[in-house]
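# Structure at a glance
Below, each chain spelled out in residue letters.
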Amino acid sequence: MHIEVRNLNKSFGNHQAVNDVSFTIERGKLIGLLGPSGGGKSTLLRILAGLETPDSGDIFIDGKRVNDVQPQLRGIGFVFQNYALFKHMNVFDNIAFGLTIRKMGKAEIKDRVHELLDLTGLRGFEHRYPNQLSGGQRQRVAFARALAPRPNLLLLDEPFAAIDAKVRKELRTWLKSLIAEIGITSIFVTHDQDEAVEVADEMLIVQQGKLEQQGSPIHIYTDP
Ligand code: ADP
Ligand code: ADP
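Computed from a predicted structure; not experimentally measured.

Here helix α2 (residues 91–100) crosses helix α4 (residues 135–147) at 30 degrees, and the two axes come no closer than 7 Å. In terms of their interaxial angle, α2 and α4 are classed as roughly parallel. Read as a crossing pair, α2 and α4 show a hand that is right-handed. Of the residues in α4, those in contact with V91, N94 and I95 of α2 are V141, A144 and R145.

Next up, the structure:
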């Protein structure tokens, strides 16, 4: 989907976490949201997701203002750094979770979960529990779970930060091809510039709550 954010503001006490931020994201783009810790990246994502209410400003998804739309009705999937899979559920049930709560039929759930197992390379792991998986595999389950309800926007908040460097590099490559395959608009938060450059079609750079730059990695790093 196409995202437009206009003049978004959010303060916590007297600290302005998001300061008059406006941007648009074209459908199907993978956006890197980059900036130092405490700069307002997570707050921005939480506002887009509807988990945090902005003090002022508007959010449009495909031209429709969604400020007052409930989080679960915005069609957004999430993956967080320490995405807590349900420990007592196997991979199948973790992936199926968002479908079960939407009361999808059993046969349809099974088809959908199998589709996601194939897409994320987890076929054969459906009976395993989270503690029987590597960190990288767990994050792939988290992606499968986020994608199962077929969201139109995927929000990724430092999804690989807790994973060791070698696997993190493999996961970046994997993620890029996964997102290209399904063509979903995505925002990838990171404080790692190399990661942003490698993953993103376009970058948003936020610092102290302000959007400092938006553009392609090449544009930002070769044309200061
Ligand atoms: P980033 O994701 O870039 O690290 P955050 O959006 O988490 O930044 O935080 C931006 C600023 O807002 C920080 O100063 C942080 O301490 C503050 N902040 C975020 N969430 C809250 C909250 N719920 N209550 C108070 N302050 C918050
Ligand atoms: P098939 O033989 O058609 O591949 P199975 O019935 O063996 O399908 O199921 C494949 C996997 O999906 C198994 O791991 C099974 O436990 C799991 N599964 C199927 N339906 C459900 C369900 N409703 N809840 C949890 N797991 C399920």
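So, next bit.
This part is about the sheet that holds strand β1 (residues 3–12). In spatial order, the strands read β2-β1-β4-β5; together these four strands make up an open sheet with antiparallel pairing. Strands with a single pairing partner mark the edges of an open sheet, and in this sheet they are β2 (15–25) and β5 (64–65). Strand direction decides the pairing type here: β1 and β2, joined by seven bridges, are antiparallel. Bridge assignment links I3 to a residue of β2, and that residue is I25. Against the sheet, helix α1 (residues 41–49) makes contact with β1, β2 and β4 (56–61), and its axis sits at roughly 120 degrees relative to β1, the strand it touches most.

Inspection of the region around ligand 1 gives F12, H15, A17, P36, S37, G38, G39, G40, K41, S42 and T43 as its neighbouring residues. Contact distances for ligand 1 include 2.9 Å between an oxygen atom and a backbone N or O atom of G40. Side-chain polar atom of K41 to an oxygen atom of ligand 1: 2.8 Å apart, as the coordinates give it. Relative to its unbound accessible surface of 560 Å², ligand 1 loses 58% to contact with the protein.

Quick look at the site of ligand 2 now. Close to ligand 2 lie F92, D93, K110, H114, E126 and H127, which account for all nearby residues. In this structure, K110 approaches ligand 2 through a side-chain N or O atom, which is 2.9 Å from an oxygen atom. At a separation of 2.7 Å, an oxygen atom of ligand 2 approaches a polar side-chain atom of H127. Elements supplying a minimum of two residues to the shell around ligand 2: α2 and α3 (106–119).

Conventions used here
Residues numbered from 1 in each chain as written. Chains lettered and ligands numbered in written order. Predicted model: local features only at pLDDT ≥ 70, side-chain atom pairs only at ≥ 80, totals over all residues. Heavy atoms only, no water. Axes fitted to C-alpha atoms, helices over the stretch in contact; angles between N-to-C directions. Helix = DSSP H or I, 4+ residues; strand = E, 2+ residues; numbered from the N terminus. Parallel < 35°, antiparallel > 145°, perpendicular 65-115°, else oblique. Left-handed = near helix turned anticlockwise from the far one by under 90°. Contact = heavy atoms within 4.5 Å. Pairing = 2+ DSSP bridges. Near = heavy atom within 4 Å. Polar contact = N/O pair within 3.5 Å; in protein donor to acceptor, adjacent residues only side chain to side chain. Areas by Shrake-Rupley, 256 points an atom, 1.4 Å probe, with all protein chains shown as cover.

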